Amino acid sequence: MFTGLCAFPLTPMDEFGTDDRAYSGLIERLINAKVDSICVLGSTGNYAYLPREERARLVKLAVEVAGTLPVMTSVGALRTREILLAADDAQQAGAQALLLAPVSYQKLTEEEVFTLYETVSRAVSVPICVYENPGVTHFDFSDALYARLAELPAIQSIKLAGGYPDRERCIDRIAALRASLPERISLGISGDAFAVPALLAGCDSWYSVVGGLFPQLAMTLATQALNGQRERALTSNQALDPLWRLFGKYGSLRVVASAAVALNLVQEDCLPLPLALPDRQARNDIEQVITQLALA
């Protein structure tokens, strides 16, 4: 579950509901590409904009479409009670792992975050992936907190924020965590532009936004890096600089949503308001990069 490429697909939606046909089609692309696992309703899947009932229904649909492909889903919410309900729904729907970020309005303390994971760990029967996303949660996981969380049996993976707090310290941190945490704890990387260096530095998995739309591309990068083909992986990653620059400029969600529209995989209204696709000039830039890199 927590090695190789875990692809995070978009959840196409408008103000009237989700586009189940397009959603299923995106998952089928991942199956055909033979990704190692998928995470539906992650940040790219806009879980935070969906009510409980819709989240449960979409997880069930994803599990049905995915078949034997392992499915993880986010259960993040503001209150522990809501997280426990989402976790129960996800398990009943057949999800094989849970992704949990310390979502908050008031900034959480380290002890509050530990208690959150401890409480959820006691209540679930499937593994949990800890989701580090300081840009959204405004919470910084210390290495000491990761060591405490690693003692909880349900915690089996950590999804590190790529390039955080900066590129060099991120790589050093991966090495330090790999040396200090139990072997059973998988280290994963998000932030697609930083995935190859992180995999080469010792991460076990890539939690990938680009993999949710262009899985073959992501599989090539992941395979090269995880097989130790350092120069090939770095060269392949460097060739994608135009795409990574777009991610940095507009945000990965808006870029992949725009790309999915350009490829006629989803309808133009595919993000929950107030989120929106970038302006026409930005979308032209995105379409040009798709053509330039021969993405499909």
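Higher on the page you've got the structure.
A.B. asks: Tell me about the nonpolar core, residues and numbers included.
C.D. replies: Formed by 101 residues in total, the largest nonpolar core has its most connected members in Tyr117 and Trp206. Broken down by element, this core gets its largest block of residues, seven residues, from helix H12 (residues 252-262). Excluding residues that lie within four positions of it along the chain, Trp206 makes contacts with Gly4, Leu5, Cys6, Ile189, Asp192, Ala195, Leu199, Ala218, Leu221 and Ala222.

A.B. asks: Explain the packing of aromatic side chains to me, and be specific about the residues and the numbers.
C.D. replies: For the coordinates displayed, the defined rule picks out five aromatic pairs. Between Phe139 and Phe141, the aromatic rings sit 5.1 Å apart at their centres with planes inclined by 90 degrees, giving edge-to-face as the arrangement. For Phe139, a relative accessible area of 5% gives the class buried. The exposure class of Phe141 is buried, given its relative accessible area of 5%.

A.B. asks: Please provide a residue-by-residue account of the environment of Leu275, values included.
C.D. replies: Within the element layout of this structure, Leu275 appears in the loop between H12 and helix H13 (280-292). Sequence-wise, Leu275 and Glu112 are 163 residues apart; in three dimensions their C-alpha atoms are separated by 30 Å. The contacts of Leu275, once residues within four sequence positions are left out, are Asn46, Tyr49, Leu253 and Arg254.

A.B. asks: How would you explain the side chain of Thr137 if you had to name every residue and give the values?
C.D. replies: Its location among the elements puts Thr137 in helix H5 (residues 134-137). Accessibility expressed as a relative area gives 3% for Thr137, which makes it buried. Once you skip the residues sitting within four places of it in the chain, Thr137 turns out to touch Ala101, Pro102, Val103 and Ser104.

A.B. asks: An account of the sheet that holds strand E6 (residues 97-100) is needed here, citing residue identities and associated values.
C.D. replies: In spatial order, the strands read E1-E4-E5-E6-E7-E8-E9-E10; together these eight strands close into a barrel with parallel pairing. Taking each pair of neighbouring strands and ignoring which way they run, the sheet shows an average axis angle of 25 degrees. In terms of strand pairing, E6 meets strand E7 (residues 128-131) through three bridges, oriented parallel. By the bridge assignment, Leu99 is partnered in E7 with Cys129. The strands touched by helix H2 (residues 52-66) within the sheet are strand E4 (37-40) and strand E5 (71-74), with E5 carrying the most contacts at an inclination of about 165 degrees. Sitting on the sheet, helix H4 (residues 110-123) is in contact with E6, E7 and strand E8 (155-161), with an inclination near 165 degrees to E7.

How each quantity is defined
Residues numbered from 1 in each chain as written. Predicted model: local features only at pLDDT ≥ 70, side-chain atom pairs only at ≥ 80, totals over all residues. Heavy atoms only, no water. Core = buried A, V, L, I, M, F, W, Y, C linked by side-chain atoms within 4.5 Å. Buried < 20%, exposed > 50% of the residue type's maximum accessible area, 1.4 Å probe, protein only. Helix = DSSP H or I, 4+ residues; strand = E, 2+ residues; numbered from the N terminus. Contact = heavy atoms within 4.5 Å. Phe/Tyr/Trp six-rings, centres within 6.5 Å; stacked < 30°, edge-to-face > 60°. Pairing = 2+ DSSP bridges. Axes fitted to C-alpha atoms, helices over the stretch in contact; angles between N-to-C directions.

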